[in-house]
Structures are given as C-alpha cells and as structure tokens.
Amino acid sequence: MDPKAIQKLLEDVQTSLNTYQSNPTETSRVEAQEKALNLSRALERPRDAILKISYSPTIVMAIKVAHDLNVFPTLAKATSPVPLNDLAALKPADPLLVERMMRLLVANGFAEEPFPCEYLPTALSKEMTQRTSIGVVESIFLEFFPAIQKVPEYLEVIGYKNPEDPLFAALQYANNIKQDGFAWLCENPAALSRFNAFMEGQRADRAHWADWFPIKDHILTGAHKGADAPLLVDIGGGRGHDLLGFKQRVPEAQGKLVLEDLPKVIEEGRTALDLESEGIESVGYDFFAEEQPVKGSRVYYFRNIFHDWSDDKARLIIKNLIPAMERGYSKVLMEEYILPDKNARSLEGMTDIAVMVFCSGLERTRQRFTNLLESAGLKVNKFWTREGDGQGIIEAELA
Ligand SMILES: C[S@@+](CC[C@H](N)C(=O)[O-])C[C@H]1O[C@@H](n2cnc3c(N)ncnc32)[C@H](O)[C@@H]1O
C-alpha cells in the first residue's frame, strides 16, 4: 500500500463528501460512496479481500436464519440492548447458535453490540422487517443461490456459449426442470410469493418512474381518448406495485390502468395488493403466446422484462405487441438498466448475472437496445436517464 496513493484516495473522499454536503444529490451521494469504497479497497490486503468475498454467501445465510428466528422484529422495536437469551427464546433456539449468527450480522451492520451478547437495531435490521426486503433475501438465497453454485459446471456443459435459451439456463440445469423460470415459479406458490415480494423490493430506494419522468408533458398531454380508453398497460407487472405507485402519484390521469402478467401471478397478486379498489384492471396474459389484447393504449410499460430475455425472445414479445399499437400515439416505455459502455457498477453486473442464471437474460447497453428495437420494428425516441442511477427508461414507438 503506497501511502501517497492512500493519501490521494482520502483527499478524493473528502472532496466528494464536501460536494455531497453542499449539494446532496443522488449523483454526489453515489460518487462519495464510490470514492469511499475505493479507499476501503486500497486499505484491504488482496488475500483478505478474496477470502471475504468468497465467504460472503455466509452473510446472506445468517440474515436468512435470523429472519427465520424472528430476530429482526424484536431488535427493530428495541430501545435498549436486547440480551442474547431474549433473542434465542423467540423460536426458541440454542443461545450459542444465535450468538454465532449475531456475530456475523453485527460485523456486517445488521445489528450493534454495545455490550457482549447484547444487541441494538440498525437501519439494516429495521429494513429486514419489511416484507419486500425479506422477499429479496429469501428469493435470492433459496431460488438463485443453488443455481449460481452450478453456473461454472453448466457453462462447461454448454461449451461457454452465452446462455440464450430460457428453457436451459443454469436454473434448469441445477433443478433438472424443463419449463422457463417464471412457469416454474408459477408451480411453486411459496417461491412465487418470495419472488414477487423480491420484485416489489428491488425497486428499493429507487424513485418511482412517475417521480421523475415527465408524465404530464410527455404522456398525459396528447392522451386524448378519455376515461374509458387505456392509458397505461404494465406488461409483466407482477403484483401491480408499479401501477399502484403511478396511481398514487398521478391520481388525475384519465384512462384505464391495466396490469398484465401470467394468470398465476395475477392470482397470487390478489392476495398481496388490492388493485381493484384503486380501479386497476388485471388481465392474465402470456406475452409469448398471444397478441396484446389491450389495443391503442397510450403507454405500454415494461419494467425489468426485456432484461429477462435474449434478443430472439424479446423480438417475439414486441411482435405480439405491435398489432395493438397505434401509430403516432402509442409509446413503449421500458424501465431497465442502461449499461454504460465501460465501468458498470457492481449492482448492474450482479443483476446481469442473476438474469442469466434465472432465464438466460441479459442487461443491455444503449447500442444493444437500439439494435434490438430496430430489428423488431420499433424506433428509439429517447433514452431517459436519471442522475445517480443506472436504471432509466427507453422510449420507443412504431418505426
Ligand atoms: C423480472 S419480473 C418484473 C416484474 C415487474 N415488472 C417489476 O419490475 O417489478 C418479470 C415479470 O414478467 C412476468 N412474465 C414472465 N413470463 C411472462 C409471460 N410469458 N407473459 C407475461 N408475463 C410474464 C413474470 O411473471 C414477472 O412478473
């Protein structure tokens, strides 16, 4: 470790922190976090870093076990340190076992330990009481981890080709299944429920698109068909959380809001969120099998859909959409990561691999989106990006 290099990194952290404090935008926050990470990396010995990264699945395991032991709701309520024996009594579990889980959780910011074997909550332990964050942990741990473990073997079997077949991704290889990942989830109610909560949760602290996209100027102005015509169809919208978010933010919007997803997902969603009382229609629809049933909508919105599929599959989704679109009126909005041409962030890379594992999907750069959409009969109007976030909206219409 070169002390001069460390000094330079420290100065970078200080400068970016000053910028963040004087102008607390998302961009300046993310920039400061990255500079701090660079400093932290430089201070770490490579062998320690590799050991920690390799052991990191144990952290997710400890979070999952602590969740199963009901540790987080108890911790979250605590105003004074909670003794180990109180946490162990919850299930009950062996105090030594709980102590070992808590050791790892404290070391990773999921609790504080002001005195030996006494614990206080942190922002992360409080977050782990939220249904959607629980879904993130459980779905990734239970459905993705076993398949991730099989990826090297699977890639050897397919001759290190880029996975493109949703019927033979690492998920199918690991579980010996024949359907695509989403059909498989539909047959596993507990896994489907975890996954759908994960989808709600992965919006995380990211702003809803209605908070930053110029909805009024760009969508509502020009949407002239009245209250009975479709305004926004959320295709593959899961439980309808994005439509609910839209309704809350743009209550004045005239026109129908329609949720589409596989019939089992629509059914499952009814147990989680009440769309009907918000006037949101739900339709069971398979975007590979059928033409888009809602004709002439102002917007066809896809969030995290195209990243699930190879270009060939994505073209099929668009082929089924095009007959429903009205030239000069209907817009396609895809909310996705828009990968930078270099130095993508870790979360972008992790998501790219997760979709590869689950359904042979991929995240795309601008150029890849442009090539895909043009080859499918659409033209890109604009890449809408947001400060401080790798996700944006690709706006397209009929070519
Ligand atoms: C990655 S999730 C995204 C969910 C939601 N749009 C979001 O961002 O939270 C993909 C969604 O596509 C749906 N889906 C998968 N295959 C589908 C198909 N053939 N037809 C319709 N929806 C499908 C899944 O059920 C799931 O809800």
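Keep in mind that this is a model prediction, so the values were computed, not measured.

A. Structural view of the sheet that holds strand E2 (residues 112–115). Read across the sheet, three strands follow the order E1-E3-E2 without closing on themselves; strand pairing throughout is antiparallel. One side of each edge strand has no neighbouring strand; the edge strands of this open sheet are strand E1 (82–83) and E2. Pairing of E1 with strand E3 (residues 118–120) involves two bridges; the strand directions are antiparallel. Bridged to proline 83 within E3 is glutamate 118.

B. Region of the structure containing the domain arrangement of the protein chain. Annotation of the protein chain at the domain level lists domain 1 (3–54), domain 2 (56–127) and domain 3 (209–398). A straight line from the C-alpha centre of domain 1 to that of domain 2 covers 28 Å.

C. Molecular detail of the nonpolar core. Ranked by internal contacts, the top residues of the largest apolar core, which has 53 residues, are Tyr301 and Val357. The dominant element in this core, judged by the number of residues it contributes, is strand E8 (residues 331–339), at six residues. Among all residues touching valine 357, those that are not within four sequence positions of it are Phe144, Ala147, Ile148, Val151, Ala169, Ala170 and Leu171.

D. How the structure looks around the UniProt feature "domain: O-methyltransferase dimerisation" (unreviewed entry) in the protein chain. In the numbering used here, UniProt assigns the "domain: O-methyltransferase dimerisation" (unreviewed entry) feature to residues 59–128. For residues 59–128, the helix share is 59%, the strand share is 13%, and the end-to-end C-alpha distance is 14 Å.

E. Main features of the UniProt feature "domain: O-methyltransferase C-terminal" (unreviewed entry) in the protein chain. UniProt records the feature "domain: O-methyltransferase C-terminal" (unreviewed entry) for residues 229–378 in the present numbering. Annotated as residues 229–378, this span is 36% helix and 23% strand, and its ends, taken at the C-alpha atoms, are 23 Å apart.

F. Main features of the site of the ligand. Within the structure, the ligand sits among 16 residues, and Phe182, Met199, Gly236, Gly238 and Arg303 are positioned closest to it. Split by residue class, the shell around the ligand holds eight nonpolar, four polar and four charged.

G. Seen up close, the packing of helix H9 (residues 131–157) against helix H18 (residues 346–359). Running from amino to carboxyl end, H9 crosses H18 at an angle of 90°, the nearest separation of the two axes being 10 Å. Considering the angle they form, H9 stands roughly perpendicular to H18. Two secondary-structure elements touch here, H9 through Phe144, Ala147, Ile148 and Val151 and H18 through Ala354, Val357 and Phe358. Within the contact of H9 with H18, the residues separate by chemical class into seven nonpolar, no polar and no charged.

H. The arrangement of unusual backbone geometry in detail. A cis amide bond links lysine 91 with the next residue in sequence, proline 92, at an omega value of 5°. Within the secondary structure, proline 92 is located in the loop between helix H6 (84–89) and helix H7 (95–107). Of note in the backbone geometry, asparagine 343 takes a positive phi value of approximately 55° without being a glycine. If you trace the backbone, asparagine 343 turns up in the loop between E8 and H18. Assessed through the 7 C-beta atoms surrounding it within 10 Å, asparagine 343 is described here as exposed. One non-glycine residue, serine 360, lies in positive phi territory at about 60°. Within the element layout of this structure, serine 360 appears in the loop between H18 and strand E9 (364–365). Take serine 360: there are 25 C-beta atoms within 10 Å of it, and that puts it in the buried class.

I. Region of interest: the pairing of E8. Of all nine residues that make up E8, nine are buried, and the element is covered over most of its length. Direction of pairing for strand E7 (residues 299–303) relative to E8: parallel, over a ladder of five bridges. For arginine 303, the partnering residue across the bridge sits in E8 and is glutamate 335. Each parallel crossover has a hand, and for E7 linked through helix H17 (residues 311–321) to E8 it is right-handed. Pairing geometry for E8 and E9, over two bridges, is parallel.

So, how was this worked out
Residues numbered from 1 in each chain as written. Predicted model: local features only at pLDDT ≥ 70, side-chain atom pairs only at ≥ 80, totals over all residues. Pairing = 2+ DSSP bridges. Helix = DSSP H or I, 4+ residues; strand = E, 2+ residues; numbered from the N terminus. Domains from an automatic or database assignment. Core = buried A, V, L, I, M, F, W, Y, C linked by C-beta atoms within 7 Å. Buried ≥ 20, exposed ≤ 12 C-beta atoms within 10 Å, placed from the backbone. Contact = placed C-beta atoms within 7 Å. UniProt positions renumbered as here; feature names shortened; annotations may be inferred. Near = placed C-beta within 6 Å. Nonpolar A, V, L, I, M, F, W, Y, C, P; charged D, E, K, R; others polar. Axes fitted to C-alpha atoms, helices over the stretch in contact; angles between N-to-C directions. Parallel < 35°, antiparallel > 145°, perpendicular 65-115°, else oblique. Right-handed = clockwise from strand over helix to strand, strands pointing away.

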